[in-house]
Amino acid sequence: MGARFVGRAAETDQLVGLLSEARAGRGAFALITGEPGIGRTALAQHVSEAADGFDVLWATCWANDQVPYWALVQLARRFAVVTGTPGVDREWFAEGTDRFRLFDTFTQLLSSAERPQLVVVDDLHWADVGSLRYLEFLGHQVRDSRIVVVGTTEDGRLPAELVRLGTRVPLAGLSEGETSELLHALTGRESDAGHVHRRTGGNPSLVTEIALHPGKHVPETVRHVLDRRLAHLSLDAMELLTVGAVLGARFDLREVAAMTHKSVMTVRAALPFDDGVVVQGDAHTVEFPYTLMRDVILARLSPADEVALHRRAAEVVGHDPARLAAHFSRACHVPEAVRYGVEAGRAAMRSGAYEASAGHFHRTVALLTDPGKRARLLVELAGAQRLSGDPAAAMATARQALELARAVGDHETAGWAALADGHQSPLGETDWTPVRGIERVLAELPGDDSELRVRLLARLAVDTGDGAVAGQAVAMARRLDQPEVIMTALVARHDTLRWRPETVHERLAIAAETVELGAGAGVLESVAEGRLRQVEGLLELGQRAAAERVLAECGLLVNQTRNPLWHHLYMTATARLRWLERDFAAAAGITRTMLDGADAVPWVTPMWHEFVASLALAEGDTAGAAEAEARFVASVAAAPPHWTRPMWQALAARLAARMGRLADARLTLDQLLAEGAPAVIDRRGGLACLACLAEVAYLVGADEYAADILTVARPYAHVVVLFVWTPMSHYLSLLATMLGDAAEAELHRRSTVDIARRMGARLWLDDLEPPQPPVAPDTAVLAHEGDYWTLDHAGNTARLRHGKGMAYLARLLARPGVETHALHLAGETHPNGANDLGPHLDARAKAAYQERLGDLRADLAEATEYHDLERARKARDEMDALVRELARTVGLRGRDRPNGSAAERARINVTRRLRSTIDRISETHPDLGYHLDTAIRTGTFCSYQPGPVPSVSWRVNIVPSE
């Protein structure tokens, strides 16, 4: 057991401390208490092994009180062995022996021994009366001795004679981490410690049995141990425990009372709390300390009794679809189990609890035998799996639904199943199965306009990049005049245009219409999607300020809708803007967060690894860049086939060239440009691919490609290229330099500088802006007068109402070139500073929410029972609100959603107010507004950067920020 002993550090230190005191002549008496199997004996053995310099005398009591003084007999024999002295004569234990003389004689032997004595008596709850009396006697004598007495006993069976004599050391279950350590020691492999811990409560004996009998739900040894704990309980207590076990691992006393026709007070009084079989939860709930206890109790039920109890339970739990589905399922009432299982799954979907929804649907599907019904429910299951961050499971489920639907000739369900398949087509594969599946379903459906046909056309358009098909979907959706259907078609049309820069204004118009339709229909998902598309288009046009304003709104929308793809798009834009500001630490923090959950959108994982490598290179960390590059290459190879693969290859070549592996970069460059630059730009994402290849060509000196790329890319000089987030003019300048055309290279360099100024991109400006000739600056005056600010510039005076944005602007203008953290600018402080990324709700708050939900469920059940409709309505409304709030704070796979640091909140608020203030100034001072729009840098750090030779000189009357 020594090698498997884990945990118990505090308890060990406590007992070892008693040994140290005993060496100095201050003995002690201690009782190790706990439930069976909790490790009382193991701890005593562990402490015995640590008792250096002590004689260890060990006795184990026997469940037979007909043997007098049995513990003392064992101690006497052991004393004789370890000390080499005769000890106590056997005759002393004969009947009629003077008990005091016996007790005193042996105690004197212990006290006079050469070495300190550790006396361990195991299983005191089985000790005979004589042994107990001796330990009571000894306990009174040890205080001024070198003797430590350690007894072990079960909870609830503590000998009254010994309780007051010394220290009590209660043992609880091992923690989840300690359970994991024990499992690894037992099996030599990683195990699901969380599941085992919930089943066993961390009881080491139960953990060991579960580990050694992995195929059994309840091993016989476990059943024997727990049955023994239950054996002495009354029939009434067992009846109540059985009813509680049927209700769940945590059950409501009021429901038990209703099922047994007893009062709540009677139920509470009869439950065996003192034995540790159940523990009190809140005011109305009781729970089993671990689920194995519940399993053993349920295993005693006959099938008929179990069915009957679950039917009775369904009558008392109120309208809780999840619980009703579970009880009706165990009661073999399939129609009702299916009905409530579907209802529970849909309710969880509406609240954003996608993993819970998938669980409900999965259990309900298992009850269905009709292939048509199974197919329809599998479609819903696939949707829940996809949103919960398990695309592989969603794909497999959707294809199973498609096969079932086709087998029964249900073409409509087959269509929805094809939509539920979350895969997307790779570039260049014309015989891709899911695409062919959608085309086949479309051919089998009736030719009339329908929502399903629109959605299938939209999906086909996105998968193939076919704008004509997207146009058909939009036209049909408009004929149907259903806002949600129109939005689906519009998004598909947008995405077929997305990677073609010349379509940016059309895409922005589509995004605006999507936002308008979504807001009108109350569909937050569509509003979020439209806003994110707007951010992309605005950044593509270099309109940083407008994009920041929209992005601030996107943060709230994405947090509410919890869509993995939209979360990726939002975080991509946020990280890239921090990168442009040279705030590499913030960008890296976002990237780490995204990589932790990137499996929800597996085909974007390579992008984040590439970004890590680029950040490392920007900071001169070549080792970190090499490590990130290796992960990038591996993630590209592991990602499912997708049309983005040529862009990954181009990015890989750019990384290789930047890191000095020119031969590798040149090989990829030759492969991708084998058919010429026009063939590259005709593909989806072609401009991004071409931008990377232009840089590769420049770095490896492949002059022969420069003219071809320059000719094809020249019309896009004004565009900020998505995917690489750099102006195309930068790459054109490189290409012109390769061709020796200094005039064109300078033209494109100046264009890049102008875009960089509009974007507030310090990353570009630091390397691009040449020294400017001195120019006499204009003078501008900004003065605070009561509730207004007076702005005077070039003979034009305006009065602007005071607000936080004006105060922020004044502080920046008064200190040109000085960076100020957004937190300090806003006058805020936070105990964890800029790195606070805690959850929306901490564990205590979430526990309070869950406790309140339990109370509300009980109130709802009682109101339903007494037909109090108004009370039931109020309970349901509050439950719905709490569920929505909990769902809002939990992310993919059940992870806590970050609340956003204080710095992030300040950054968003300060940026929004500064940009709004500059817009107000632009209305009366257009030139000054343009100057401020390009010179005010916002982000985590804000500053006024007028350039080395400022065009405007400011005189500012500062007012402290509010």
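Residues numbered from 1 in each chain as written. Predicted model: local features only at pLDDT ≥ 70, side-chain atom pairs only at ≥ 80, totals over all residues. Heavy atoms only, no water.

Participant: What's the story with the sheet that holds strand S1 (residues 28–34) in this structure? I'm lost.
Facilitator: Pairing between sheet strands relies on hydrogen bonds along the backbone, with the strands arranged either parallel or antiparallel. Pairing within the open sheet is parallel, and its 5 strands lie in the order S2-S3-S4-S1-S5. Two strands lie at the open edges of the sheet, namely strand S2 (55–60) and strand S5 (167–170), each paired on one side alone. Geometrically, the sheet is characterised by an average inter-axis angle of 15 degrees between neighbouring strands, direction not taken into account. In this structure, strand S3 (residues 117–122) lies alongside strand S4 (residues 147–154), joined through 5 bridges in parallel fashion. Residue pairing across strands places Val121 opposite Gly151, the latter belonging to S4. Lying on the sheet, helix H3 (residues 70–83) is in contact with S2 and S3; it crosses S2 at an angle near 150 degrees. (Pairing = 2+ DSSP bridges. Helix = DSSP H or I, 4+ residues; strand = E, 2+ residues; numbered from the N terminus. Axes fitted to C-alpha atoms, helices over the stretch in contact; angles between N-to-C directions. Contact = heavy atoms within 4.5 Å.)

Participant: How do you make sense of the packing of aromatic side chains when you look at a structure like this?
Facilitator: Note on aromatic pairs: each is described by the distance of the centres and the angle between the planes. Applying the stated rule across the entire model yields 14 aromatic pairs. An angle of 75 degrees between the planes, with centres 6.4 Å apart, marks the rings of Phe632 and Trp648 as edge-to-face. Here Phe632 is found in helix H32 (residues 622–638), whereas its partner Trp648 is found in helix H33 (residues 645–658), with 16 residues between them in sequence. With relative accessibility at 0%, the residue Phe632 sits in the buried group. Between the NZ or CZ atom of Arg576 and the centre of the ring of Trp579, over which it lies, the distance is 5.4 Å. One residue, Arg576, lies across the ring of Phe611, its end atom 4.1 Å from the ring centre. (Phe/Tyr/Trp six-rings, centres within 6.5 Å; stacked < 30°, edge-to-face > 60°. Buried < 20%, exposed > 50% of the residue type's maximum accessible area, 1.4 Å probe, protein only. Lys NZ or Arg CZ within 6 Å of the ring centre and 35° of its normal.)

Participant: What am I meant to see in a nonpolar patch on the surface here?
Facilitator: Among the surface-exposed residues, Leu662, Tyr698 and Leu699 lie close enough to one another that they form a single nonpolar patch of about 230 Å² accessible area. Given a relative accessible area of 36%, Tyr698 falls into the partly exposed group. (Patch = residues over 30% accessible without salt bridge, like charges linked within 9 Å, V, L, I, M, F, W, Y side chains within 5 Å. Areas by Shrake-Rupley, 256 points an atom, 1.4 Å probe, with all protein chains shown as cover. Salt bridge = Lys/Arg side-chain N within 4 Å of Asp/Glu carboxyl O.)

Participant: Where do I start with helix H29 (residues 564–580) in this structure?
Facilitator: Note that an α-helix has 3.6 residues per turn; residues three or four places apart therefore point the same way. In this model, H29 (17 residues) spans 24 Å end to end at C-alpha, consistent with the 24 Å of a helix rising 1.5 Å per residue. Within H29, 15 of the 17 residues are buried, leaving the element largely enclosed by the surrounding structure. Directly beyond the C-terminal end of H29, a positive phi value near 70 degrees is found at Arg582. (Expected span 1.5 Å × (residues − 1).)

Participant: What am I meant to see in the pattern of salt bridges here?
Facilitator: Working definition: two side chains of opposite charge can pair if their charged atoms are close together. For the structure on display, the rule yields 48 salt bridges. Between Arg479 and Asp449 there is a salt bridge; the shortest N-O distance is 2.7 Å. Taken together, the residues span a long stretch of sequence, with Arg479 in helix H24 (residues 467–480) and Asp449 in the loop between helix H22 (433–444) and helix H23 (451–464) at a distance of 30 residues. Note on Asp449: relative accessible area 31%, which makes it partly exposed. For Glu548, the salt bridge identified is with Arg907, shortest N-O distance 3.5 Å.

Participant: I would appreciate a short explanation of the state of the cysteines in the present structure.
Facilitator: Applying the stated criterion to the full structure yields 0 disulfides. Between Cys689, a cysteine without a disulfide, and Cys692, which holds the nearest cysteine sulfur, the sulfur-to-sulfur distance is 6.8 Å. Assessed through its relative accessible area of 3%, Cys689 is described here as buried. (Disulfide = S-S within 2.5 Å.)

Participant: I'm lost on the environment of Val67 in this one. Help?
Facilitator: With respect to the element layout, Val67 can be found in the loop between S2 and H3. The contacts of Val67, once residues within four sequence positions are left out, are Trp62 and Asp128.

Participant: Which parts of the structure should I look at to understand the nonpolar core?
Facilitator: Ranked by internal contacts, the top residues of the largest apolar core, which has 99 residues, are Trp579, Trp608, Leu669, Leu673, Leu690 and Met728. The leading source of residues in this core is helix H36 (residues 686–700), at 11 residues. Beyond its immediate chain neighbours, meaning those up to four positions away, Leu669 contacts Leu693, Val696, Ala697, Val700, Ala702 and Tyr705. Leu174, Val277, Val316 and Tyr340 belong to the second largest nonpolar core, which has 53 residues in total. (Core = buried A, V, L, I, M, F, W, Y, C linked by side-chain atoms within 4.5 Å.)

Participant: Would you explain the sheet that holds strand S6 (residues 250–252) in this entry?
Facilitator: With antiparallel pairing, 3 strands are arranged side by side in an open sheet as S6-S8-S7. Only two strands of the sheet have a single partner each, and these edge strands are S6 and strand S7 (279–280). Summarising the sheet, S6 and strand S8 (residues 285–287) pair through 3 bridges and their orientation is antiparallel. Of the residues in S8, the one forming a bridge with Arg250 is Glu287. Helix H12 (residues 253–260) contacts S6 and S8 of the sheet and is inclined by roughly 65 degrees relative to S6.

Participant: Please explain the pairing of strand S12 (residues 788–793) as it appears in this structure.
Facilitator: Moving residue by residue along a regular strand, the side chains alternate between the two faces of the sheet. Sheet analysis places strand S11 (residues 778–785) next to S12, joined by 6 bridges and oriented antiparallel. Bridge pairing in S12 links Leu782 to Leu791. Counted between consecutive antiparallel strands, the loop separating S11 from S12 contains 2 residues, among which Gly786 sits at a positive phi close to 65 degrees. Relative to strand S13 (residues 796–801), S12 runs antiparallel, the two being bridged by 6 bridges. The residue of S13 that forms the bridge with Leu791 is Ala798.

Participant: Which parts of the structure should I look at to understand the packing of helix H26 (residues 504–521) against helix H27 (residues 524–540)?
Facilitator: For any two helices packed against each other, the geometry is given by the interaxial angle and the distance between the axes. Contact pair H26 / H27: the axes reach a minimum separation of 8 Å and the direction vectors enclose 155 degrees. Viewed along their axes, H26 and H27 adopt a mutual orientation that is roughly antiparallel. Our pair here, H26 against H27, has a crossing hand that is left-handed. Taken together, the residues of H27 that come into contact with H26 (itself represented by Val504, Arg507, Leu508, Ala511, Ala512, Thr514, Val515, Gly518 and Ala519) are Ser526, Val527, Gly530, Arg531, Arg533, Gln534, Gly537, Leu538 and Glu540. Each residue belonging to the contact of H26 with H27 can be placed in one class, and the counts come to 8 nonpolar, 6 polar and 4 charged. (Parallel < 35°, antiparallel > 145°, perpendicular 65-115°, else oblique. Left-handed = near helix turned anticlockwise from the far one by under 90°. Nonpolar A, V, L, I, M, F, W, Y, C, P; charged D, E, K, R; others polar.)

Participant: Looking at this model, I keep getting lost on helix H7 (residues 176–187). Mind explaining?
Facilitator: The end-to-end C-alpha distance of H7 is 16 Å, a good match for the 16 Å that 12 residues give at a rise of 1.5 Å each. Residues of H7 that are buried: Thr179, Leu182, Leu183 and Leu186. Projected down its long axis, H7 shows its buried positions confined to an angular sector of 100 degrees, all on one face. Check the buried side of H7 and you find it contacts helix H8 (193–200) and helix H9 (204–212). (Arc of directions from axis to C-beta.)

Participant: I tried to follow the environment of Gly518 on my own but got confused; where do I start?
Facilitator: Take Gly518: it is sitting in helix H26. With 31 residues separating them along the chain, Gly518 and Met487 place their C-alpha atoms 7.5 Å apart. Beyond its immediate sequence surroundings of up to four residues, Gly518 is in contact with Met487, Val523, Ser526 and Val527.

Participant: Mind showing me how you'd approach the confidence of the model for the protein chain here?
Facilitator: Regions with low pLDDT should not have their predicted coordinates read in detail. On average, residues of the protein chain score 84 in pLDDT, and 85% of them are at 70 or above. Averaged over each element, pLDDT in the protein chain is lowest for helix H44 (residues 869–889) (62) and highest for S3 (96). Below a pLDDT of 50 lies the segment residues 830–838, which in the model reaches 18 contacts outside its immediate sequence neighbourhood of four places, other chains included. Here residues 891–895 scores under 50 on pLDDT; set against residues more than four positions off or in separate chains, the count is 17 contacts. (pLDDT = per-residue confidence, 0-100.)

Participant: Would you mind showing me how to read the packing of helix H28 (residues 544–561) against helix H45 (residues 902–924) here?
Facilitator: Running from amino to carboxyl end, H28 crosses H45 at an angle of 135 degrees, the nearest separation of the two axes being 10 Å. Taken together, the axes of H28 and H45 lie oblique to each other. Between H28 and H45 the crossing geometry is left-handed. Contacts between H28 and H45 pair Ala545, Glu548, Arg549 and Ala552 from the former with Arg907, Ile908, Thr911, Arg912, Arg915 and Asp919 from the latter. Across the contact of H28 with H45, the residue classes tally to 3 nonpolar, 1 polar and 6 charged.

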